[in-house]
Amino acid sequence: MNHNQTNGSSQDVSKKRKRKRSKGSKVKNHESISQEVVQESVHSQNKKIKFSDDNEAATPDILGGEPKIDNTNETLETKTPILKEDKPESKKTFEKPKVVRYVDDEDDSDSDDANDFNFHRSSQQLSERARELLKVRQNLPIYHHKEKITQFVSKNQVTIIIGETGSGKSTQIPQFLIPENKKAIAVTQPRRVAAASLAARVSEEYGCKLGSEVGYQVRFTNKSNQRTKLKYLTDGMLLREIMVDRELKKYSTIILDEAHERTILTDLIMGFLKSLIVSGNRKDLKVIVMSATLNAELFSHFFNNAPILYVEGKMYPVTQMYVGDESNEDIVDCVIRSIIKVNMTEPEGDVLCFLAGQEEIDNCVKTLEQLAPQLPREAPLIVALPLYAALSPHQQSKIFEKLPKGRRKIILATNIAETSITVPGVKYVIDSGLRKVKIWKHDLGLSTLLTTPISQASARQRAGRAGRESAGKVFRLYQESEYLNLPKQQESEIKRNDIILPILTLKKLDIDDLLNWTWLEDPGQESILSALNTLYTLGALNDAGKITSLGYKMSVLPLPPQLSVVLISATELGCLAPVIDIVSCLSVDNLVLNVSGESRDEINFKRRSYCPKGNSNGDLIALYEFYQTFQSLGKEWCQEMMFSYKGFKNVLKIRNQLKEYMLATIKQDDSISDNEKDKQLASLRSQFEDRDDVLDIPAILKSFLKGFITNTAVGMPDRSFRTFNSGQLISIHPSSVLFGKTNLDAIMYIEYVFTTKGYARNCSAIELSWLQEVAPHVIGGNKVSIN
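Keep in mind the model is a prediction, meaning the values are calculated, not measured.

**Student:** Would you explain the packing of helix α4 (residues 146–155) against helix α5 (residues 169–177) in this entry?
**Tutor:** The angle between the axes and the distance between the axes are what describe a pair of packed helices. At a minimum axis separation of 10 Å, α4 and α5 run at an interaxial angle of 65°. The pairing of α4 with α5 is recorded here as roughly perpendicular in orientation. In terms of crossing hand, the pair formed by α4 and α5 is right-handed. Residue-level contacts link Lys146, Ile149, Thr150 and Val153 of α4 to Ile173, Phe176 and Leu177 of α5. When grouped by side-chain class, the residues that make up the contact of α4 with α5 number five nonpolar, one polar and one charged.

Okay, structure coming up:
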């Protein structure tokens, strides 16, 4: 397998990596895998996967001592810097890592509320639990530097803190600062999972009920109140607070955690905080930027050379193994074979496998569950556990549970396990070298989810998970030459995603000089112009580039701008109730479960019997019909039809939240009188209450068309479609109820995915005349050739 420089292109990736990764589901059938893998396991060898040491001369001694470091610095180093202000020295410690636990009261809970496990404990029980956990906290490296950290933060308005995952910085530093702060402390997290779980853990350590002194806030869930001293929240939630209060008066400290992930919203928050500091309006505000990797200079330079504090972490030697010269055509098959080989040949210790996405993980879990009983009994019994953001907290909590002797956890995770969560017991890491990222295509005017190689920094982070408690091994399913050709750091999100929401936020705050705003990393003129054009298309900006009343309302809703437009348009067209149901369904991941194998056609046929209107009008109307059926038939129907029952429960919750947000768009509109507000609120409430038996399908689809006017395509004679905005060829995805339908004049789609070719997902049939009716200012200049 020859590998050249990796550049992130989907075509280059597929050529150089020679892996079928479009769906992750093109695996040999389970029976053939079982026979092959079990046969190989009996002979304690694997002919397809051959691992070799990365550099025999530089292989760390697993039994003890420091790992040898070669000149290229490619073996994992045990860099554990002591707390200091300059570059750290090597050091090794042996304390147990921080563990974040998820605990549910209900097995079937699928909401973040499941983290509220200490709600029914008495004050005495909470205090006893806090005392127990204090012993664990005192073993963390960071705990011994409590005084130095608090003193350092008090002397500087902005502090950059670098510490390895597992050092305890996310849970301990905020607690250190609570006595030092008269106002509240906000800690941002890129993911909802991390915000909820960290708050749950810290509330235990602090000895309080979750939602009182320690709480969290994520989209659609708020476990905090006015007395909350420490609040974990997603970066999107803090950004919404900035829009309401530019000076963040209720906070005295803002902590930006996991800053190395460089999400668009984190970058945007940094820009606002810098502007606030430079203005001098909040001289009392402390800002702490925490990162797990050594890109501190970027943050320091941005905040006018803010001081950097290195916190000691801990890392045991990790031996790196790479595949041989064989071609690994199917990444799922390759991971399964690697797991079996590690299970047969390595001593006790759990295995953490990194895969690109949920579909690949689910395929692996299903196959391993079938294989486990057939494997030789002298090896530990495999227990396969998935880990990705769409899982409920209860399902995620299983990765922390102790197993009986003779069993081995195999955790199959996305990159969520790189930094956000520390799993105890992991000694072996299997790294596919892949991840899924959303990439914005300026020429197509849309974004797509692509499987791409990771960076060297991510590869080191993944390998480091094996060295948290003892010496470990990482098995990389790619060659060493391929690793050397990976980019040093992952490209920041602001460079590869659309920036529609950030631009709308800046416009709402009357910031017009977008090119010269305080960007941490400038997204570039092309990205800014593309976002402005999209916002103009949606009606959020007028001809002069100023934000419209629609734009103000869009900024209030915690949704992508397109879905915000959909809800506001539905209000005007009088079909808000069914549209809210559909938007709530779209806001839940994996509501309609993927079905593979022989049962797929049978399940699809059964599903279509429950969506007669959807069969002719498309997936959005089908979602509405499925939701209505769920309300009457419940859990058993979901299991029979392969729908997520927990997902539908979450739809109910999101639906109620969206109603409140829609009312807020009127309450917060300062451009209308109080009398007019009362009239609009009464009208809105009547739409929620009056459920007409006759579904106004054209009005519903026109509402969505208003938000997704650029996601439209005209039908060609050969059943393919060409997009209106660019003339790009696109096909209806096989999962759509419209797949195979003929005589469709035009379609609208919610999502674009690219595998072997461009596919439209969540499709609806529309009439060509609607385009001119809904967006005459956009469609007028677009002409699509059918030749």
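**Student:** Whenever I open this one, the side chain of Ser455 confuses me. Can you help?
**Tutor:** With respect to the helices and strands, Ser455 occurs in the loop between β16 (446–453) and α14 (456–464). Residues within four places of Ser455 in sequence aside, it is in contact with Leu486, Pro487, Lys488, Gln489 and Gln490.

**Student:** Quick question: what am I supposed to make of the packing of aromatic side chains here?
**Tutor:** Geometrically, a pair of aromatic rings is defined through the distance of the ring centres and the angle of the planes. Within this structure, the stated rule accounts for 15 aromatic pairs. Aromatic pair Tyr322 and Tyr478: ring centres 6.3 Å apart, planes at 75°, arrangement edge-to-face. Residue Tyr322 is located in strand β10 (residues 318–323), and its partner Tyr478 is located in the loop between β17 (472–476) and α15 (480–484); the two are separated by 156 residues in the primary sequence. Residue classification places Tyr322 among the buried positions, given a relative accessible area of 2%.

**Student:** Sorry, what's going on with helix α18 (residues 525–538) here?
**Tutor:** Owing to its 3.6 residues per turn, the α-helix brings residues three or four apart onto one side. Taking 1.5 Å of rise per residue, the 14 residues of α18 would be expected to cover 20 Å, and the 20 Å separating its terminal C-alpha atoms lies within 8% of that figure. When α18 is considered as a whole, its buried residues turn out to be Ser527, Ile528, Ser530, Ala531, Thr534, Leu535, Thr537 and Leu538. Positioned one or two residues after α18, Gly539 has a phi angle of 90°, which is positive.

**Student:** Sorry if this is basic, but what is going on with the nonpolar core here?
**Tutor:** Here is a general trend for soluble globular proteins: nonpolar side chains tend to be buried in one another's company. One finds Leu567, Phe648 and Phe704 to be the most contacted residues of the largest nonpolar core, which totals 131 residues. For this core, the element with the highest residue contribution is helix α24 (residues 619–641), accounting for eleven residues. Beyond its immediate sequence surroundings of up to four residues, Phe648 is in contact with Cys585, Leu591, Phe626, Tyr627, Phe630, Trp637, Cys638 and Phe643. Membership of the second largest hydrophobic core comes to 34 residues, among which are Cys334, Met344, Val351 and Leu368.

**Student:** Hey, could you run me through the confidence of the model for the protein chain in this one?
**Tutor:** Low pLDDT marks stretches whose predicted atomic positions should not be read closely. Across the protein chain, the average pLDDT comes to 79, with 80% of residues at or above 70. Strand β7 (residues 251–256) holds the highest mean pLDDT among the elements of the protein chain, 96, whereas helix α1 (residues 10–17) holds the lowest, 41. Every residue in residues 1–48 scores below 50 in pLDDT, and together they form 108 contacts with partners more than four places removed in sequence or on other chains. Scored below 50 in pLDDT, residues 53–115 makes 185 contacts in the model with residues more than four places away or belonging to other chains.

**Student:** Help me understand the sheet that holds strand β22 (residues 758–766), please; the structure alone is not making it clear to me.
**Tutor:** Strand order in the closed barrel formed by five strands is β18-β19-β20-β22-β21, and the pairing between neighbours is mixed. Averaged over neighbouring strand pairs, the angle between their axes works out to 50° when direction is ignored. Sheet topology note: the strand β18 (residues 712–715)/strand β19 (residues 721–723) ladder contains three bridges and is antiparallel. Across the sheet, the residue bridging to Val714 is Arg722, located in β19. Strands in contact with α24 are β21 (746–754) and β22; relative to β22, the strand with the most contacts, it is inclined by about 75°. Helix α27 (residues 697–707) rests against β18, β21 and β22 of the sheet, and its axis sits at about 50° to β21.

**Student:** Help me out: how do you make sense of the sheet that holds strand β4 (residues 214–218) in this one?
**Tutor:** By way of backbone hydrogen bonds, the strands of a sheet pair with one another, either parallel or antiparallel. Reading across from one edge, β5-β4-β6-β3-β7-β8-β2-β9 is the order of the eight strands in this open sheet, with mixed pairing throughout. Looking along the sheet, the strands with just one partner apiece sit at the ends: β5 (221–223) and β9 (308–311). With strand direction ignored, the average angle separating the axes of adjacent strands in the sheet is 20°. Here helix α7 (residues 235–244) sits on the sheet in contact with β3 (184–189), β4, β6 (230–234) and β7, set at roughly 105° to β6.

**Student:** Please clarify how the pairing of strand β8 (residues 286–291) should be interpreted in this entry.
**Tutor:** Side-chain direction in a regular strand flips from residue to residue, so the side chains alternate between the two faces of the sheet. The element β8 is extensively covered by neighbouring structure, given that five of its six residues are classed as buried. When strand β2 (residues 158–163) meets β8, the two strands line up parallel, connected through five bridges. Residue pairing across strands places Val158 opposite Val287, the latter belonging to β8. In this sheet, β8 lies alongside β7 in parallel orientation, the contact comprising four bridges.

**Student:** What is the right way to read the pattern of salt bridges from this model?
**Tutor:** Proximity of charged atoms lets side chains of opposite charge pair with each other. Under the defined criterion, the tally for this structure stands at 23 salt bridges. Arg137 is the salt-bridge partner of Glu205, the closest N and O atoms lying 3.6 Å from each other. Of this pair, Glu205 sits in helix α6 (residues 192–206) while Arg137 is found in helix α3 (residues 123–138), placing the two residues 68 residues apart along the sequence. For the pair Glu205 and Arg137, a shared accessibility class is recorded, and that class is buried. For the salt bridge of Glu360 with Lys436, the shortest nitrogen-to-oxygen distance reads 3.7 Å. With Glu360 in helix α11 (residues 358–371) and Lys436 in strand β15 (residues 434–441), this pair connects stretches of sequence that are 76 residues apart. Members of the salt-bridge network, linked through shared partners, are Arg129, Glu132 and Glu204.

**Student:** Any chance you could explain unusual backbone geometry here in plain terms?
**Tutor:** Keep in mind that most residues, glycine aside, have a negative phi and that most peptide bonds are trans. Phi is positive for Asn305, close to 60°, though the residue is something other than glycine. Counting through the fold element by element, Asn305 comes out in the loop between α9 (296–302) and β9. One non-glycine residue, Asn762, adopts positive backbone phi at about 50°. With respect to the helices, strands and loops of the structure, Asn762 is situated in strand β22.

About the cut-offs
Residues numbered from 1 in each chain as written. Predicted model: local features only at pLDDT ≥ 70, side-chain atom pairs only at ≥ 80, totals over all residues. Heavy atoms only, no water. Axes fitted to C-alpha atoms, helices over the stretch in contact; angles between N-to-C directions. Helix = DSSP H or I, 4+ residues; strand = E, 2+ residues; numbered from the N terminus. Parallel < 35°, antiparallel > 145°, perpendicular 65-115°, else oblique. Left-handed = near helix turned anticlockwise from the far one by under 90°. Contact = heavy atoms within 4.5 Å. Nonpolar A, V, L, I, M, F, W, Y, C, P; charged D, E, K, R; others polar. Phe/Tyr/Trp six-rings, centres within 6.5 Å; stacked < 30°, edge-to-face > 60°. Buried < 20%, exposed > 50% of the residue type's maximum accessible area, 1.4 Å probe, protein only. Expected span 1.5 Å × (residues − 1). Core = buried A, V, L, I, M, F, W, Y, C linked by side-chain atoms within 4.5 Å. pLDDT = per-residue confidence, 0-100. Pairing = 2+ DSSP bridges. Salt bridge = Lys/Arg side-chain N within 4 Å of Asp/Glu carboxyl O.

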